[in-house]
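Analysis of the macromolecular model
Residue-level listing of the chains:
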Amino acid sequence: MHDLDDQQWRELLQRLRRFALWLTREPGGADDLVQATVERALSRRGQQRNAESLRPWLFTILYRLFLDGKRRERLHARWLAWFGRGQAEEPAGGEIESIVLAQADLRAFARLSAEQRALLLLVSVEGLSYKEAADALGIPIGTVMSRLSRARAALRELTEGNPTPPALRRLK
Amino acid sequence: MTRLIPTEHELHAYVDERLEPARRAEVEAWLAANPEEAARIEAWRGDARRLRAALAGFGEQPSDPALDLAPLRRRLRQRRQWRLAQAAVLLLAVGLGGLGGWQAREATLFAGMLPMADAVEAHRLFADASTLDIQASDPARLQAWLGRHFNRVGQLPDLSGYGLQPVGARLLSNEAGPAALLVFQDRQGLRISLFLRSPGEHFERMPSGQRTDGQLQARYWSHGDYNFALVSAVDDARGEQVRRALGVSL
C-alpha cells in the first residue's frame, strides 16, 4: 500500500466495496467485509506487493472472507433450525434494492447467483485476467471459463427473454 | 481449417480481449462470416458494457477515516515495530534459554549478562507503545488480569499516592513461562513499568539491586515465584519508594 496515493487508494476501496456490496447485498455487511479485508491485508504484509498485484490480491482476500462468513451463517442457520427456529430470509439491503430498482440493467444482474455475480464483476467490470479471477475465487481456470459461459448465458436470458414485471418483488 | 472455428472459451476470451492478436484476427474473420454467432457475442459484449456503465460510481461513499491511507500506514509501521519487538523478545528468550549441555559456557555467558535486561528492554519497547494487551485504568481489573496469568502473585499496591495510575499491561514470555509488563503513568504522562517473570533456573537466585541503563533505572528483586523489576526514568525520584511499596505487597 506504500506506492499508492490517496486517490488511488480511495478508488481501490470503492472497488472493493462495490464487490462486497454485490456479494452481501447489504451495506453494513459490505463495509464490515471491506474493513476485514484491509485488516487481513495489513496483517499479511509479509508478502510485499506492487500496486498492480495488490488489487487482485485484495479481491482474493475479500472473497475468502465472504465465503467464510457464508459458511458460518449456514452453520448458524442449521443450529437455529435444529432448535426449531425458522431460517431467516436473506435480507436485501435498502441501498442495493433501490439502485437495482432504478436501473433496469442491474435487475437481471442482481438475479444471478452470488458466484456468477462475483465472476462477472471480476472479469467484466474489474478487468481481472482469467488467472487472477481463478485465484481470487479459488477455482481452476477451466471452471472460470465454464462458469463465465453459464453466467453470460444466464444474464442474457434474464435480460432478454424474461423481462422483469413492473411490480418488483423483493430481491432475494 | 478447424482451427479457425473458435471454441466457446475463445469466444469469451475474445469478448474480454484476452486473445493473442493473431488469434483475435482469426476469430474476428470467423465472426464476420457467421453473423448469427457475431450477434450472440455482441450481446455478451453489450451486457458487459452496460454492467460496467451501471456500476460506475457504485459503492461510492464518504471516506471512512479508519480506512484512510495515513492511519493505515501508521498502523503498518506500528505492526512492524511490534513484530520487531516480538522478535527481540524471542531472541532474548532464546539467548537466555541457552542450549542443554553447555552448562559451563552458559554460566560464563550469564555471568556477563546484566540483571533484568529483559525488563529494561520490555519497558523500552512497550511502555510508550499502543501495543498493550489490555488497557486498564482500573486497578482491580489489572489485578484480575495479573492473577489470571500469574497464579502465585501477591496484591498490586495502590500507587495513586505516588500520582501513578495503571495504563495497561502486556503479556510476554520467556523460556521459563509467562512474563508481563505492567505500565503506570502519572499526570504528566511519565511512565513507570513493573516487569515480572518466572525466573527459570538461571535467575532463581537473582540478588536484589539496581542499575542504570541509559536513561532508565532498573530496581530488581525476587520474591516468591517471580523475579521483579521496576523500570523508571533515572531522574524519577519516586522510584525507590514505589519499589519499596511493590516489594511489600507483591
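A short tour of the structure in this document, coming up. (Residues numbered from 1 in each chain as written. Chains lettered and ligands numbered in written order. Predicted model: local features only at pLDDT ≥ 70, side-chain atom pairs only at ≥ 80, totals over all residues.)

With that settled, the discussion passes to the overall build of chain A. When helices and strands are counted, chain A shows eight helices and zero strands. Each helix and strand of chain A, placed in order from N terminus to C terminus, yields the pattern α-α-α-α-α-α-α-α. Put simply, chain A has 172 residues, and 34% of those count as buried. Pairs at least 24 apart in sequence give 62% of the contacts found in chain A among residues at least 6 apart. (Helix = DSSP H or I, 4+ residues; strand = E, 2+ residues; numbered from the N terminus. Buried ≥ 20, exposed ≤ 12 C-beta atoms within 10 Å, placed from the backbone. Contact = placed C-beta atoms within 7 Å.)

Attention now goes to the nonpolar core. Counting residues in hydrophobic clusters, the biggest one holds 42 residues, and the most contacted among them are Phe 19, Ala 20, Leu 62, Leu 119, Leu 122 and Ala 133 of chain A. Secondary-structure elements contributing two or more residues to this core are helix H1 (6-24), helix H2 (27-43), helix H3 (51-82), helix H5 (104-110), helix H6 (114-125), helix H7 (130-137) and helix H8 (141-161) of chain A together with helix H3 (35-55) of chain B. When residues in this core are grouped by element, the largest group, eight residues, is from H1 of chain A. Of the domains in this structure, domain 1 (1-96) and domain 2 (103-164) of chain A are the two that each give at least three residues to this core. Residue contacts for Leu 62 of chain A: discarding those within four places in its chain leaves Leu 16, Phe 19, Ala 20, Leu 33 and Thr 37 of chain A. In terms of nonpolar packing, the next biggest core, distinct from the first, is built from 36 residues, Val 167, Ala 218, Tyr 226 and Val 242 of chain B among them. (Core = buried A, V, L, I, M, F, W, Y, C linked by C-beta atoms within 7 Å. Domains from an automatic or database assignment.)

Moving on to the sheet that holds strand E2 (residues 165-174) of chain B. All names here are of chain B. Taking strand neighbours across the sheet as the criterion, the seven strands line up as E1-E2-E3-E4-E7-E6-E5 in an open arrangement whose pairing is antiparallel. The sheet is open, and its two borders are formed by strand E1 (134-135) and strand E5 (209-213), each paired with just one other strand. Judged from the five bridges that link them, E5 and strand E6 (residues 216-223) form a sheet pairing that is antiparallel. Residue pairing in the sheet places Asp 213 in a bridge with Leu 216 of E6. Seen against the sheet, helix H7 (residues 139-149) touches E1, E2 and strand E3 (177-185) and runs at an angle of roughly 10 degrees to E2. Packing against the sheet, helix H8 (residues 239-249) makes contact with strand E4 (191-197), E6 and strand E7 (226-233), and its axis sits at approximately 160 degrees to E7. (Pairing = 2+ DSSP bridges. Axes fitted to C-alpha atoms, helices over the stretch in contact; angles between N-to-C directions.)

On the chain B side, the residues contacting the 31 residues of chain A number 25 residues. Of the residues forming the side of chain A that touches chain B, the biggest block, eight residues, is contributed by H1 of chain A. Here the residues of the side of chain A that touches chain B sort into 16 nonpolar, seven polar and eight charged. (Nonpolar A, V, L, I, M, F, W, Y, C, P; charged D, E, K, R; others polar.)

Let us look at the pairing of E2 of chain B. Consecutive side chains along a regular strand alternate between the two faces of the sheet. Residues and elements named next belong to chain B. Counting buried residues along E2, seven of its 10 residues qualify, which places the element largely inside the surrounding structure. Examined bridge by bridge, E1 and E2 share two bridges and lie antiparallel to one another. Within E2, the residue paired with Gln 135 across the bridge is Gly 168. Where E2 and E3 come together, nine bridges link them in antiparallel fashion. Counterpart to Gly 168 in the pairing with E3 is Val 183.

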